[in-house]
Amino acid sequence: MEDNKYASANTLRRTKAGYRECISFVDYESWNKTLAINTIKYGLNIKRYGSSGKYHYRRFYLLESSREIIQWISPHKPFEHSRLRIYQIWKIEKGQKSTNFRKKPCPKYEDLSCSVYCGSSRNSTLDLIFDSEEQMMLFLSGIHYLMEDARAAEENDQLKEMRAFQSAWNVGDKDGSGGLDFQEVKTMFCSLNIEANEEYLKELFDQVDTDNNKVIDKEEFNTLMEILMFKEEIQALFNKYSQKRGSQSVIPVENFKRFLEEEQEMGEVSLEETSELIQRFSMSPNDSVVIDQHLYISEKGFRQYIFSVEVNSLFKDERFEKCLDMTQPLTDYFIESSHNTYLEGHQITGKSNVNMYTRVLQSGCRCVELDIWDGPNGNPKITHGHTFVTNIDFRNVVEAIKETAFVSSEYPVILSLENHCSFDQQGKMAEVFEEVMGELIYVPSPELTKYPSPEELKYKILIKGKVPPDGKTDIKVGEEKVKLKVNPALQKLFALEGEKLQLTERPFKRIPSINYPKLLKLAEKHSGKTLVEYHKKNFSRIYPPASSIDSKNYNPMPAWLLGSQIVALNYQQGDLGMLLNKGLFNQNGGTGYVLKPQIMREESTSFDPKGSEIDSVLFVLEVELISANQLPKLNEEDSGVINPFVKIGLHGIQQDTKKEQSKVIENNGFNPVWNQKFEFGIRMAEIALLSFRVYNKTFLGKSKIAQYAIPIECIRNGYRVVPLYGKDLDFKRNASLLCRFKMKPYFID
């Protein structure tokens, strides 16, 4: 068995939603950890800056019942709406660059200001003004240490369960009385997505209320949660390997080893490795048991192992880490790419936001788009031209890109320019690029005849711009198109030069941009095989059709199957297109680069995306959808309990594509059980993805509440947990599906 075969890679990076080094300007090591955290624990008076341009002192303190919530008291907001959740922070920025500060700056406090970006909204900030530099650094150092502790807790399955219990307790004990009466338990059940009739709930309440005082304390509450966490669907599996020892059933280390080898198909596992795994799920003597010098795992420990996203995820560890060859030419890779990166939403009426570049790059994207127009005072701006979309400053965007380009990946970033600027402002663009990015900009040598590899281009920025044959580009002025020369100062920075598509081998550096419908028409006209051959040595960038004004995405799979490297999507959406994109690029260490299948790269091979040359099924993937754990609601404030069902889809070549759907489970989002089996025949696993989309069945139809996607080649056999993203692709802690996977060769009887 290879090292740590059972220990899955860090979930937080797996989901690309974890804690990052997002406070780069703070020298937190200069501050004692205990002092910094205690300062927040006991509270600090800090000015909170509002959208009105006014500030008010608020006391910020660490909520006693949770080390993950910073609370403040606001006279105009409910208690639960005046808090900052540590795990929702994705960026902290010094100065006055947030929307609130930019609208109504407060220059005299510039050096004592900072903005905490948090939550799923790109524009959600907590804007603060401190009394001194020391106060600011102490507070932010405390935030850093709390984030470190939260990260450690995320990797510890026992602490995660305790935190889930604590979160449920906080929902019930809103008055802070230290106990829950029957009505508060009913409220807590609803928040957990559990529908229970009054009689059963009263029976459960009385069962744990051991002192019969009509209120359950923290210890009694934990007993209640243990009852709720019981997983009947894995009881038969536990019983198969367990033995009776005294008053309890346990699995001996030898039997657990057999379980890992037989059910989880993990190859040969040593007793030493099995013992280490058992001890990982042992926080108390009740979780792992030593009897007569023999080690056993309890029913609770076994349950925690099965539902551990950290240890028992369906994602193969070796595929999740950086594992692919990164020394091939750039054209041999799929590159994670964004369209109209600056937009928060709608293509016509949406807002532009500098922070979209930060979020997209931090998520692993390696190609972003800059739509550049003439701005005021000779300074270019970024916006969606001839629409109601707001403007942002070009320099601010370039600075944000430099700051976050290599936070999540060391591999090259491509800037795709939509240049609508006058000759002079193109010169200003070049000046800003050179001043801000300097030596990060990669300019290829004239002697080069093929693209360098991602490995050779580490920490480099490649600028892509359109250069027509006559050296002039079309620019729309009013209702007319005029020809304007490309400024040589800008053109000399181009590593990739845009041109119209020509299906012949093109000179080095050339790259056409093609809208998605046109790509599909080209495949029909010239055959998909022709486009695959073209893309073996030549680049293309695919972008959404102009009709997609609501920013909905197309299905990227056909473009990938045709060999296109840069398939640009709207990152502000959480639709199927973005889900598949996230699924594909979650592998290979989240580098933003995935090596294309060999059949799509080598000159000696031939590939038809329609799969006409691949007649027979090679593998069968069996998926048994067993159950779910703590599914989210569509909205946290929703008072109802959901009716979940799951759509499972295989996405790949035409013959492999298939959809299945589970039955609906009424009134249970906490622990619904399906126990349904599905089969998928697979001809080309190298470029196939499996998706899970969880819906709530309603009177009016359905609402998507959670989702996940994974490359077929990354799936582990056995009983595995499927982590879940929300409808906006934000990671949902504690929410998961439990499935059994079995990939096996296909044999015809």
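Thresholds applied
Residues numbered from 1 in each chain as written. Predicted model: local features only at pLDDT ≥ 70, side-chain atom pairs only at ≥ 80, totals over all residues. Heavy atoms only, no water. Core = buried A, V, L, I, M, F, W, Y, C linked by side-chain atoms within 4.5 Å. Buried < 20%, exposed > 50% of the residue type's maximum accessible area, 1.4 Å probe, protein only. Helix = DSSP H or I, 4+ residues; strand = E, 2+ residues; numbered from the N terminus. Contact = heavy atoms within 4.5 Å. Phe/Tyr/Trp six-rings, centres within 6.5 Å; stacked < 30°, edge-to-face > 60°. Arc of directions from axis to C-beta. Polar contact = N/O pair within 3.5 Å; in protein donor to acceptor, adjacent residues only side chain to side chain. Pairing = 2+ DSSP bridges. Axes fitted to C-alpha atoms, helices over the stretch in contact; angles between N-to-C directions. Lys, Arg positive; Asp, Glu negative; His and termini not counted. Salt bridge = Lys/Arg side-chain N within 4 Å of Asp/Glu carboxyl O.

**Q** How would you explain the nonpolar core if you had to name every residue and give the values?
**A** Ranked by internal contacts, the top residues of the largest apolar core, which has 108 residues, are Leu-370, Leu-415, Phe-433, Leu-690 and Leu-737. Looking at this core, the element that brings in the most residues is helix H17 (residues 423–437), giving 6 residues. Contacts of Phe-433, omitting those with residues within four sequence positions, involve Phe-394, Val-398, Leu-415, Leu-417, Gly-438, Ile-441, Ile-463, Leu-490 and Leu-493. In terms of nonpolar packing, the next biggest core, distinct from the first, is built from 31 residues, Tyr-28, Ile-37, Ile-92 and Leu-146 among them.

**Q** Tell me about the packing of aromatic side chains, and name the residues and values.
**A** Going through the model one piece at a time under the given rule, you end up with 28 aromatic pairs. Here Trp-90 and Tyr-117 contribute two aromatic rings whose centre-to-centre distance is 5.4 Å and whose plane-to-plane angle is 50 degrees, an arrangement assigned as tilted. Of the two residues, Trp-90 is situated in strand S5 (residues 89–94) and Tyr-117 in strand S6 (residues 113–118); the sequence distance between them amounts to 27 residues. By relative accessible area, Trp-90 is classed as buried at 8%. For Tyr-117, a relative accessible area of 1% translates into the label buried. Geometrically, the ring pair formed by Tyr-516 and Tyr-554 is stacked, given 4.2 Å between the ring centres and 15 degrees between the ring planes. Taken together, the positions of Tyr-516 in helix H19 (residues 516–526) and Tyr-554 in the loop between strand S23 (541–543) and helix H21 (557–561) put the pair 38 residues apart, joining distant regions of the chain. A residue is classified by how much of its surface remains accessible, and Tyr-554, at 7% relative accessible area, is buried.

**Q** Give a description of helix H22 (residues 576–585) that names residues and reports values.
**A** A large share of H22 lies buried, amounting to 9 of its 10 residues. Every buried residue belonging to H22 is among Gly-577, Met-578, Leu-579, Leu-580, Asn-581, Lys-582, Gly-583, Leu-584 and Phe-585, and all of these are buried.

**Q** An account of unusual backbone geometry is requested, with residue identities and associated values reported.
**A** Even without being glycine, Ser-527 reaches a positive phi, approximately 85 degrees. Relative to the helices and strands, Ser-527 resides in the loop between H19 and helix H20 (528–534).

**Q** An account of helix H8 (residues 218–228) is requested, with residue identities and associated values reported.
**A** Listed as buried for H8 are Glu-220, Phe-221, Leu-224, Met-225 and Leu-228. Relative to the axis of H8, the buried residues are bounded by an arc of 145 degrees and lie together on one face. The opening residue of H8 is Asp-217, an N-cap whose side-chain oxygen sits 3.2 Å from the backbone nitrogen of Glu-219.

**Q** Can you break down the sheet that holds strand S7 (residues 125–129) residue by residue, with the values?
**A** Reading across the sheet, the 7 strands line up as S4-S3-S2-S1-S7-S6-S5 and stay open at both edges, with antiparallel pairing between neighbours. A single partner strand is all that each edge strand has here, and the edge strands are strand S4 (83–85) and S5. Ignoring which end each strand starts from, the neighbouring axes of this sheet average 30 degrees apart. Judged from the 3 bridges that link them, strand S2 (residues 55–62) and strand S3 (residues 69–72) form a sheet pairing that is antiparallel. Residue pairing in the sheet places Leu-62 in a bridge with Ile-70 of S3. Relative to the sheet, helix H2 (residues 33–42) contacts strand S1 (44–49), S2 and S3, its axis offset from that of S2 by approximately 120 degrees. Strand contacts of helix H15 (residues 355–362): S5 and S6, with the helix running at about 135 degrees to S5, the strand carrying the most contacts.

**Q** Can you lay out the side chain of Arg-720 for me, pointing to particular residues and giving the numbers?
**A** Here Arg-720 shows up in strand S32 (residues 718–725). One buried charged residue, Arg-720, remains without a salt bridge, the closest side chain of opposite sign being Asp-317 at 8.0 Å. A polar atom in the side chain of Arg-720 sits 3.1 Å from the backbone oxygen of Gln-264. At 2.7 Å, the side chain of Arg-720 forms a polar contact with the side chain of Asn-312. Among all residues touching Arg-720, those that are not within four sequence positions of it are Gln-264, Met-266, Tyr-305, Asn-312, Ser-313, Leu-314, Leu-737, Leu-738, Cys-739 and Phe-741.

**Q** With reference to specific residues and values, describe the pattern of salt bridges.
**A** Evaluation of the coordinates by the stated rule reveals 31 salt bridges. For Glu-713, the salt bridge identified is with Arg-319, shortest N-O distance 3.3 Å. Placement of the pair is Glu-713 in the loop between strand S31 (701–711) and S32 and Arg-319 in helix H14 (residues 317–320), with a sequence separation of 394 residues. What makes Arg-319 buried here is its relative accessible area of 16%. Note that Asp-656 is salt-bridged to Arg-683, the shortest N-O span being 3.3 Å. Here Asp-656 is found in the loop between strand S27 (644–651) and strand S28 (658–661), whereas its partner Arg-683 is found in the loop between strand S29 (673–682) and strand S30 (689–698), with 27 residues between them in sequence. A single burial state applies to Asp-656 and to Arg-683, both of which are buried. When salt bridges that share partners are traced, they join Glu-497, Glu-499, Arg-506, Lys-509 and Arg-510 into one network.

**Q** Tell me about the pairing of S1, and please be specific about residues and values.
**A** Bridging between S1 and S2 involves 6 bridges; their strand directions are antiparallel. Residue pairing in the sheet places Lys-47 in a bridge with Tyr-57 of S2. Connecting the antiparallel pair S1 and S2 is a turn made up of 5 residues, with Gly-53 showing a positive phi of about 90 degrees. Pairing of S1 with S7, which is carried by 3 bridges, proceeds in the antiparallel orientation. Residue pairing across strands places Arg-48 opposite Leu-128, the latter belonging to S7.

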